[in-house]
Amino acid sequence: MSILIKNIKQLVQVHDYNVMIVKGEDMKTLPVLENAYLYIEHDTIIEYGEMEYCEGIEAETIIDATGRIVLPAWCDSHTHIVYAGNRTSEFVDRINGLSYEDIANRGGGILNSAKLLQETSEDDLYEQSINRLEELIRMGTCAFEIKTGYGLTVEAELKMLQVIKRIKQESLAKITPTLLAAHAIPAEYKDKKDEYIKLITDELIPEASKLNISHYIDVFCEKGYFDLEDTEAILKAAAEHNMRPKIHVNQFNILGGVAIGAKYDALSVDHLEELNNDDIEALKNSETMPVALPGCSYFLSIPYTPARKIIDAGLPLAIATDYNPGSAPSGNMNFIVSAACVKLKMTPEEAINAATINGAYAMGISSMYGSITRGKKANLIITKPLSDYSEIPYAFAHDPVEQVIINGQLKDIKNPEENFRI
Ligand code: NIG
Ligand code: FE
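To start, this report covers the structure provided alongside it. On a predicted model such as this, the values are computed, not experimentally measured, just so you know.

### What to know about the site of ligand 1
- Taken together, the neighbourhood of ligand 1 is formed by 15 residues, with Y100, Y150, H183, Q251 and S327 sitting nearest.
- At a separation of 2.8 Å, an oxygen atom of ligand 1 approaches a polar side-chain atom of R87.
- The separation between a nitrogen atom of ligand 1 and a polar side-chain atom of Q251 is 2.7 Å.
- Here the shell around ligand 1 is built from residues that sort into four nonpolar, nine polar and two charged.

### Focus on the packing of helix α5 (residues 154-170) against helix α6 (residues 193-211)
- As a packed pair, α5 and α6 sit with axes 11 Å apart at the nearest point and diverge in direction by 25 degrees. Overall, the two elements α5 and α6 adopt an arrangement that is roughly parallel. As for the relative orientation of α5 and α6, their crossing is right-handed in sense. Judged by residue contacts, V154, E157, L158, L161 and Q162 of α5 engage L199, E203, L204, E207, A208 and L211 from α6.
- Of the residues belonging to the contact of α5 with α6, the class tally is seven nonpolar, one polar and three charged.

### Topic: the coordination of the iron ion (ligand 2)
- Distances from the iron ion (ligand 2) to its protein donors, H78 (NE2), H80 (NE2), H248 (NE2) and D322 (OD), fall within 2.1 to 2.2 Å.
- In terms of primary sequence, the donors binding the iron ion (ligand 2) are separated according to H-x1-H-x167-H-x73-D. The same class applies to H78 and to H80, which are both buried.

Parameters at a glance
The residue numbering used here restarts from 1 in each chain and proceeds along that chain's sequence as written. Both sets of labels track the order of writing: A upward for chains, 1 upward for ligands. Residue-level local features of this predicted model are given only where pLDDT is at least 70; pairs of side-chain atoms are given and counted only at 80 or more, and the full residue set underlies all totals for whole chains, interfaces and linings. As a convention, hydrogens and water are excluded, and side-chain values are obtained from all of the structure's heavy atoms. Whether a residue is near a molecule or strand is decided by its heavy atoms; if any one of them lies within 4 Å of it, the residue is near. Here a polar contact is recorded for every N or O atom pair within 3.5 Å, except that within protein the pair must consist of a potential hydrogen donor and a potential acceptor, and residues adjacent in sequence are included only if both atoms are side-chain atoms. Basically, the charged four are Asp, Glu, Lys and Arg, the nonpolar ten are Ala, Val, Leu, Ile, Met, Phe, Trp, Tyr, Cys and Pro, and anything else, Gly included, counts as polar. Axis angles are defined between N-to-C directions and span 0 to 180 degrees, where every axis is a line fitted to C-alpha atoms and, for a helix, only to the segment in contact. Strands here are runs of E lasting at least two residues and helices are runs of H or I lasting at least four, both read from the DSSP assignment and numbered beginning at the N terminus. Working rule for angles: under 35 degrees goes down as roughly parallel, over 145 as roughly antiparallel, 65 to 115 as roughly perpendicular, anything else as oblique. Note on convention: the crossing is left-handed when the near helix lies turned anticlockwise from the far helix by less than a right angle, right-handed when the turn is clockwise. When checking whether two residues touch, look at their non-hydrogen atoms; a contact exists if any pair is within 4.5 Å. As a rule, N, O and S atoms within 2.8 Å of a metal are its donors, except that Na, K and Ca use 3.2 Å; water is not among the atoms, so sites may look incomplete. Only protein chains enter the area calculation, which uses a 1.4 Å probe; residues under 20% of their type maximum are buried, those over 50% are exposed, and those in between are partly exposed.

Next comes the structure, spelled out in structure tokens:
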């Protein structure tokens, strides 16, 4: 199977040499080829260049992309797509004055979603989750990290892992699973948190490792959830099973989770709505990607991650949706790229770098995803006619995506019958 895309107005994020991460000042640069072609065989990017060098290239499918932008599909490195039902009633409670914390304190929030998920069958959970995922592929995302964390019992966390495994096997999207059993303290462990942590370190981590499903561990390091000591105990146990941290830190309070993440060689530290100079220092000389989640800040009306402080310190930054039923019930990366520009004061170049190559890095897949590079996987967005790639964040809440190529397959995203399964 071969595809040739011709007359591309702008081919965005083109790298002749494989770049795994973009940091600091370099994030301002987004390499673009004007009036270009792109040639794909099977699932792989084979060749690209300016149109004048396209002569003689044949392909089974030829796409005329006149007036359109082609860029790597979005890489969403932080999602909780596998959940049951929704939390619209808590949304209304918040509109009426309750805070996210008030709702959690009365036993709602994550515990509410956990109760619902425990009562939902594996098949039902799979259907709900894959439908969400397919809606997002239509919006241009082709690689997703997916966390557990709404199970909160050994049985229900393993059910979540099985659902994620099934999505990984059956979807054309690239899936990176993460074990987030330490998402909240279950009601039955309210006064014996240490026992729940022991359940995670002594049962769930070894079990997940035996199943060889998840190579990443997450902890919600936050006041009222898991403190620094808890976080370190979980990261230590996970390290013994070669599970690398991708952790929730600094959403509401600075506890020192960023430094703990760097100490345990976290692949990413996510949220960072609160951030101090010690956190910045801890991230320098680390291999850890800071990840901003502007959809969560928008939905909860909490501060936005200080992206300028991070990037201007020479650090890299990724952006992701945090798609979940409580704090960010949208997985639309086009909106996230726009919010990064409008609210985090990132330039369009920085935001697109953060949502492609750096998002791929935050899932450990940037050697194969996140840029237009020969040999990388063909996961691409072909936009509607646009003046320039800056129009993607500029026209906020519009849908810039006309076609998606996922794993080398051209998909008719406007056809409701289309699916994205292997
Ligand atoms: O990333 N902060 C912790 N976890 C999610 C929210 C989960 C929920 O409210 O259901 C987040 O914001
Ligand atoms: Fe999250």
